[in-house]
Amino acid sequence: DQQVKQNSPSLSVQEGRISILNCDYTNSMFDYFLWYKKYPAEGPTFLISISSIKDKNEDGRFTVFLNKSAKHLSLHIVPSQPGDSAVYFCAASALGHAGKSTFGDGTTLTVKP
Amino acid sequence: GAGVSQSPSNKVTEKGKDVELRCDPISGHTALYWYRQRLGQGLEFLIYFQGNSAPDKSGLPSDRFSAERTGESVSTLTIQRTQQEDSAVYLCASSLEVSGSYEQYFGPGTRLTVT
């Protein structure tokens with residue numbers, strides 16, 4: 001069973017508009033969530049994270065929202081830029097199993113100029 | 001400073017042969033992780049090291065897979081008797097500590113193709 005799901009394989013937005021990437025999880029033990037960005041032929045790079053004690057974390061154009069009751073988190077990028085075009089992975093980990101992060105399958109974001 | 005490096009970047013091998021994939025983590029990072037990414041799929045966790053110890057090997061797909069780490073530095077992932085389903089990009093990452101709150105720094109990956 002897939003514990004972290006990114007149900008949209010792809011998303012296309014216009015430059016300057018908001019991009020919203022979604023992630024759902026099933027394991028209520030997850031208490032830390034991260035978003036990574038991946039360009040082709042490169043390893044993922046860390047983007048932003050959120051602890052389960054918070055419901056929002058903001059870093060420049062990137063904001064992550066966490067809804068624990070719905071077991072849902074989202075990444076907002078505003079304004080979107082063509083350089084944001086990449087695959088975005090959501091990852092989750094649980095206290096006591098810190099070494100074992102569970103990743104979603106990723107969402108490919110395309111920002112059109 | 002230097003990031004995580006992996007070698008080789010590409011490896012083509014015949015079915016049944018053994019392969020060794022190498023990862024050099026960021027200096028001072030006590031935690032090291034191996035993942036596999038098959039085409040069009042997400043990252044599949046394989047194993048992590050805390051120092052030179054691997055507390056949880058349950059993510060390794062079969063007993064053909066093994067990994068070791070020495071000197072709290074370089075790690076080697078070995079796949080014996082490779083099968084075509086082993087074809088994937090193998091990613092290594094390191095972090096300062098073993099904790100979900102520490103971001104992982106990824107290497108560029110090794111693309112393994114088993115013919």
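This report concerns the structure included in the present document. It should be emphasised that the depicted structure is a prediction, and the values quoted were computed from it without experimental measurement. (Residues numbered from 1 in each chain as written. Chains lettered and ligands numbered in written order. Predicted model: local features only at pLDDT ≥ 70, side-chain atom pairs only at ≥ 80, totals over all residues. Heavy atoms only, no water.)

Quick look at the overall build of chain A now. Across its full length, chain A holds 0 helices and 11 strands. Reading the secondary structure of chain A in the N-to-C direction produces β-β-β-β-β-β-β-β-β-β-β. Taking 13 Å as the expected radius of gyration for a compact globule of 113 residues, we find that chain A reaches 13 Å, a close match to that expectation. The principal-axis extent of the C-alpha atoms belonging to chain A is close to 45 × 30 × 20 Å. (Helix = DSSP H or I, 4+ residues; strand = E, 2+ residues; numbered from the N terminus. Rg over C-alpha atoms; globule rule 2.2 N^0.38 Å.)

With that out of the way, let us pick up the packing of aromatic side chains. Counted according to the given criterion, the structure contains 12 aromatic pairs over all chains. Following the ring pairs from residue to residue traces out a cluster consisting of Tyr 36, Phe 46 and Phe 103 of chain A together with Tyr 33, Tyr 35, Phe 45, Tyr 48 and Phe 106 of chain B. (Phe/Tyr/Trp six-rings, centres within 6.5 Å; stacked < 30°, edge-to-face > 60°.)

Now for the interface of chain A and chain B. Interfaces are frequently sized by the accessible area removed from exposure as the parts join. Contacts between chain A and chain B engage 18 residues on the former and 20 residues on the latter. One can count 0 salt bridges joining chain A with chain B. Across the contact surface, chain A and chain B share 3 residue pairs in polar contact (both at pLDDT 80 or more). For the side of chain A that touches chain B, the secondary structure elements donating two or more residues are β4 (30-38) and β9 (86-94) of chain A. Sort the elements by how many residues they give to the side of chain A that touches chain B and β4 of chain A lands first, with 4 residues. The residue makeup of the side of chain A that touches chain B, split by class, is 9 nonpolar, 5 polar and 4 charged. (Contact = heavy atoms within 4.5 Å. Salt bridge = Lys/Arg side-chain N within 4 Å of Asp/Glu carboxyl O. Polar contact = N/O pair within 3.5 Å; in protein donor to acceptor, adjacent residues only side chain to side chain. Nonpolar A, V, L, I, M, F, W, Y, C, P; charged D, E, K, R; others polar.)

Next up on the list: the sheet that holds strand β3 (residues 19-25) of chain A. Within a sheet, adjacent strands bond to each other through the backbone by hydrogen bonds, running parallel or antiparallel. Reading across the sheet, the 5 strands line up as β1-β3-β8-β7-β6 (chain A) and stay open at both edges, with antiparallel pairing between neighbours. Every other strand in the sheet has two partners, leaving β1 (4-5) and β6 (56-59) of chain A as the edge strands with one partner each. (Pairing = 2+ DSSP bridges.)

Here we take up the layout of surface pockets. Considered as a void within the structure, the largest pocket measures approximately 640 Å³ in volume. Around the largest pocket sit 30 residues that line it, and Lys 38 of chain A together with Gln 37, Leu 39, Val 89 and Arg 111 of chain B are the ones nearest its centre. Broken down by secondary-structure element, the contributors of at least two residues to the lining of the largest pocket are β9 and β11 (107-112) of chain A together with β8 (88-95) and β10 (110-114) of chain B. Classifying every residue of the lining of the largest pocket gives 12 nonpolar, 13 polar and 5 charged. By volume, the second largest pocket amounts to about 470 Å³. Considering the residues around the second largest pocket, the lining is formed by 22 residues, among which Asp 1, Gln 3, Ser 101, Thr 102 and Phe 103 of chain A are closest to the centre. Residue assignment for the lining of the second largest pocket shows that the elements contributing at least two residues are β10 (102-103) of chain A together with β4 (31-37) and β5 (43-50) of chain B. Among the elements that line the lining of the second largest pocket, the one with the most residues is β5 of chain B, at 3 residues. Across the lining of the second largest pocket, the residue classes break down as 8 nonpolar, 8 polar and 6 charged. (1 Å grid on protein atoms, 1.4 Å probe; cavity = no way out; pocket = protein on both sides within 12 Å on 5 of 7 lines; lining within 4 Å. Points joined across faces, edges and corners; volume = space filled by probe spheres on them.)

With 24 residues, the main nonpolar core has Phe 33, Trp 35, Leu 73, Leu 75 and Tyr 88 of chain A as its most contacted residues. Secondary structure elements with two or more residues in this core: β3, β4, β5 (45-51), β7 (62-67), β8 (72-77), β9 and β11 of chain A. With 5 residues, the top contributor of residues to this core is β9 of chain A. Contacts of Tyr 88 of chain A, omitting those with residues within four sequence positions, involve Gln 6, Leu 21, Trp 35, Tyr 36, Lys 37, Leu 47, Leu 75, Ile 77, Gly 106, Thr 107 and Leu 109 of chain A. Formed by 21 residues, the second largest nonpolar core is a distinct cluster that contains Leu 77, Ile 79, Tyr 90 and Cys 92 of chain B. (Core = buried A, V, L, I, M, F, W, Y, C linked by side-chain atoms within 4.5 Å. Buried < 20%, exposed > 50% of the residue type's maximum accessible area, 1.4 Å probe, protein only.)

With that settled, the discussion passes to the state of the cysteines. Residues and elements named next belong to chain A. Counting across every chain of the model gives 2 disulfides over all chains. The side chain of Cys 23 participates in a disulfide bridge whose partner is Cys 90; the two sulfur atoms lie 2.1 Å from each other. Taking the torsion about the sulfur-sulfur bond, which here is approximately -70°, the covalent link between Cys 23 and Cys 90 counts as left-handed. Here Cys 23, found in strand β3, pairs with Cys 90, found in strand β9; they are 67 residues apart in sequence, far enough to count as distant. (Disulfide = S-S within 2.5 Å.)

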